[in-house]
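# Examining the three-dimensional arrangement
Listed here are the chains, written in short residue letters.
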Amino acid sequence: MAEQLYQRDVYGKTLVELGRQNKDIVVLDADLSSSTRTGLFAKEFPERFFNFGVAEQNMMASAAGLAACGKTVFVSTFAIFASGRAWDQVRNSICYNNFNVKIVATHAGISVGPDGASHQALEDIALMRVIPNMNIIVPCDGPQTADAVKAAAGNKGPFYIRLGRPKVPTLDKKDVFKFGQAQVLTEGNDIAIFACGIMVAEALIAVENLMKKGVKARLVNMHTLRPVDTKTILDAARDTRGIIACEEHTIIGGLASSIDEVVSESCPTRVIRLGIKNRFGQSGDPGDLLKEYKLTSLDIEKAALGLFSSRK
Amino acid sequence: MNYTEEKIKDLEGKAKKIRRLIVQMIAKAGSGHPGGSLSSTDLVTALFFSVLRHDPKNPGWPDRDRFHMSKGHCCPLWYAVLSSCGYFPEEKLMTLRQFGSLLQGHPDRRTPGIESASGSLGQGLSIGLGMSLAARIDNKDYRVYVLTGDGEIQEGNIWEAAMAASHYKCENLCAILDYNGFQIDGKTCNVMDLEPIVDKWRSFGWNTIEIDGHNMKEILSAYEEAGKAKGRPSIIIARTIKGKGVSFMENICDFHGRAPTKEEEGKALKELE
């Protein structure tokens, strides 16, 4: 059984580590520091932590002001508020200025579970992806969360890092994390599966089952959604019968769209989109919700077999 | 507080020159916002030429005071003041709003002396709050000034920032409210009334200073008083006249966002001689 970690725990610990190394790191939160785990940083560096209360717009624009004075600002709240509530501040005060503001949004996707639709950000990648200068990372597990946070701290400009609420299994990855470069987790030329976030673990199970049925799937962990790794997408489009995109997000504007945009321009191929299809979420256990929204390993396997049996 | 007549005269002369530049820039550009630029002119001129600790030859000086124009549509004023201080040559002013210009239709960091973009209203007080907190972290004594419009404070983000600046006791933060009483659709009291404006800011925990925003002595003494605030941010609530200095623009809502014609420009410049 693989190790299971909360991405948020890793985030909080990594922030403390970075805070010890760099005195210009400042952290902001909007009354969710115990959930996002920025509270760990607040405890060790109270002079560099500011709680903004339930006021995300002010928090985002203030982050811009801090960044204008040379700070590297990590800003956290739930993904629904980080991306939607304060979108104009993120666009005009952060991204337009190309400031060093790193938005680390937790509780993204349908796997938020019991809180229901109002708290399940299913559109956040789409909202962030359309803004110039924004970089986006959706890490697949605990250790990769640390990599993502360090990459955001070490690279100039705004970042959006999307984290989930539940524990996720730590996955075997033969390659080290490189910002902007997708990770090929399994080799295969029959079909390709691209996934991000918690969907990578689901996809990995599907790949193992497909292997038993004689289908060799190339599994790509698309942790960086901006800038998009066009080479890895085009390689898959050329080498396989088609691509399956798996994301805990609307099929409009997220991972699937990123792939569509690349292949339609340079190497048209079939792209099957597994994601949320024009629906809001609802309350429930994350496992039941993944079933309801057809995002389990079985759904991926079924789509893969369908794609494999179709003609190139 | 005593300011010499000479100093007041000098600032009034500079403000008149800035007003001339604003009229010329906007007329040349063919679009822009003269009304609010002219109503804030005395406030911003006094700040840059007599209050602000800055060095146009060294715009990145870490100890500089910060200024941010949250009402970004009044950037012709900001540009005219920055060029008069020496941040960039005056001839650049006449490229306002043109393709490839340093001077965008709303503030942008490509302009020397501008630290943050603005234009989408209501965000600038938060930017100033962030700058104020940065000074605290770095143990620096610089001050932060933010110019806001009156219509602008209808934005909810302003009040989020007002609450937080008070909570964090940002005594180095000074907001300047250009209260000219007009917004695009008419008088603020008819569109969305701001009164009782002083009570609102006071109840949010701010040090409030009310002045005539066209009286240089009152302006200078307001900045001085704001500088002495302890444990709370200050706001200078400046009663102003939209379009101040050009008789046919004064209190005329239409000139919020309309450029003067060639003929109007000539008349305005004559009045500003």
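Residues numbered from 1 in each chain as written. Chains lettered and ligands numbered in written order. Predicted model: local features only at pLDDT ≥ 70, side-chain atom pairs only at ≥ 80, totals over all residues.

## Here's the deal with the overall build of chain B
Note the following rule: Helical segments are the DSSP runs of H or I of at least four residues, strand segments are the runs of E of at least two, and each set is numbered from the N terminus. For a compact globule the rule gives 2.2 Å times the number of residues to the power 0.38, and the radius of gyration it is set against comes from C-alpha atoms. With C-beta atoms placed from the backbone, a residue counts as buried when 20 or more other C-beta atoms lie within 10 Å of its own, as exposed when 12 or fewer do, and as partly exposed for counts between those limits. Two residues form a contact once the distance between their C-beta atoms, set from the backbone, is within 7 Å.
Per the secondary structure count, chain B includes nine helices and seven strands. For chain B, whose C-alpha radius of gyration is 17 Å, the value lies close to the compact-globule estimate of 19 Å for 273 residues. A principal-axis box enclosing the C-alpha atoms of chain B has dimensions of 50 × 45 × 40 Å. Looking at the 273 residues of chain B, the share that counts as buried comes to 51%. For chain B, long-range pairs separated by at least 24 residues make up 76% of all intrachain contacts whose partners lie at least 6 apart in sequence.

## Considerations on the sheet that holds strand 11 (residues 217-221) of chain A
Residues and elements named next belong to chain A. Here is the rule: Being paired, for any two strands, means DSSP has found at least two bridges between them. An axis is simply a line fitted to the C-alpha atoms; with a helix, the fit covers only the stretch in contact. Between two such axes, the angle follows the N-to-C directions and lies from 0 to 180 degrees.
The five strands lie next to each other as 9-11-10-13-14, forming an open sheet whose pairing is mixed. Single-partner strands in this sheet number two, and they are strand 9 (183-186) and strand 14 (271-276). Along the sheet, successive strands turn relative to each other by an average axial angle of 25°, direction set aside. As paired strands, strand 10 (residues 191-195) and strand 13 (residues 243-250) are joined by four bridges and run parallel to one another. Paired with Ile193 across the bridge in strand 13 is Ile244.

## Thoughts on the domain arrangement of chain A
Residue and element names in this part refer to chain A. For clarity, the threshold we go by: Source of the domain bounds: an automatic or database domain assignment. Residue type decides the class: Asp, Glu, Lys and Arg count as charged, Ala, Val, Leu, Ile, Met, Phe, Trp, Tyr, Cys and Pro as nonpolar, and the leftover types, Gly among them, as polar.
Each domain of chain A was delimited in the assignment, giving domain 1 (4-169) and domain 2 (183-309). Computed from C-alpha atoms alone, the centre-to-centre distance between domain 1 and domain 2 is 25 Å. Counting from both sides, the interface comprises 27 residues of domain 1 and, opposite them, 28 residues of domain 2. Of all the secondary-structure elements, those providing two or more residues to the side of domain 1 that touches domain 2 are helix 7 (124-129), strand 6 (135-137), helix 8 (142-154) and strand 8 (167-169). Here the residues of the side of domain 1 that touches domain 2 are counted per class, giving 16 nonpolar, eight polar and three charged.

## Considering the nonpolar core
Applied cut-off: In plain words, the nonpolar core is the set of buried Ala, Val, Leu, Ile, Met, Phe, Trp, Tyr and Cys residues that C-beta atoms within 7 Å link up.
Judged by nonpolar contacts, the single largest core of 186 residues is most densely connected at Ala63, Ile193, Ala203, Ile244 and Ala304 of chain A together with Ile236 of chain B. Looking at which domains feed residues into this core, each of domain 1 (4-169) and domain 2 (183-309) of chain A gives three or more. In contact with Ile244 of chain A, not counting residues within four places along its chain, are Ile191, Ile193, Ile272, Leu274, Ile300, Ala303, Ala304 and Leu307 of chain A.

## Looking at the packing of helix 4 (residues 124-137) of chain B against helix 5 (residues 156-167) of chain B
Residue and element names in this part refer to chain B. The cut-off we apply is this: Throughout this description, any angle smaller than 35 degrees is read as roughly parallel, any larger than 145 degrees as roughly antiparallel, any in the 65 to 115 degree range as roughly perpendicular, and the remainder as oblique. Helix crossings are classified by the rotation of the near helix relative to the far one: an anticlockwise turn of less than a right angle makes the crossing left-handed, while a clockwise turn makes it right-handed.
For the pair helix 4 and helix 5, interaxial distance at closest approach is 8 Å and the crossing angle is 25°. In terms of their interaxial angle, helix 4 and helix 5 are classed as roughly parallel. As for how helix 4 packs across helix 5, the hand of that crossing is left-handed. Residues Leu125, Ser126 and Leu129 of helix 4 touch helix 5, and the partners they reach there are Asn157, Ile158, Ala161, Ala162, Ala164 and Ala165.

## Observations regarding the packing of helix 1 (residues 5-29) of chain B against helix 3 (residues 75-85) of chain B
Residue and element names in this part refer to chain B. Between helix 1 and helix 3, the shortest axis-to-axis distance is 9 Å and the interhelical angle comes to 125°. Judged on the interaxial angle alone, helix 3 and helix 1 are oblique. Considering only the axes of helix 1 and helix 3, their crossing is right-handed. Along the contact surface, helix 1 presents Lys14, Ile18, Leu21, Ile22, Met25 and Ile26, while helix 3 presents Pro76, Leu77, Ala80, Val81 and Ser84. Considering only residue class, the contact of helix 1 with helix 3 consists of nine nonpolar, one polar and one charged.

## Remarks on the pairing of strand 7 (residues 159-162) of chain A
All names here are of chain A. Burial along strand 7 is two-sided: Phe159 and Ile161 and Tyr160 and Arg162, pointing in opposite directions, are all buried. Where strand 5 (residues 101-106) and strand 7 come together, four bridges link them in parallel fashion. Opposite Lys102, over in strand 7, you have Phe159 as the bridge partner. Of the strand pairs in this sheet, strand 6 and strand 7 are connected by three bridges, and their pairing is parallel.

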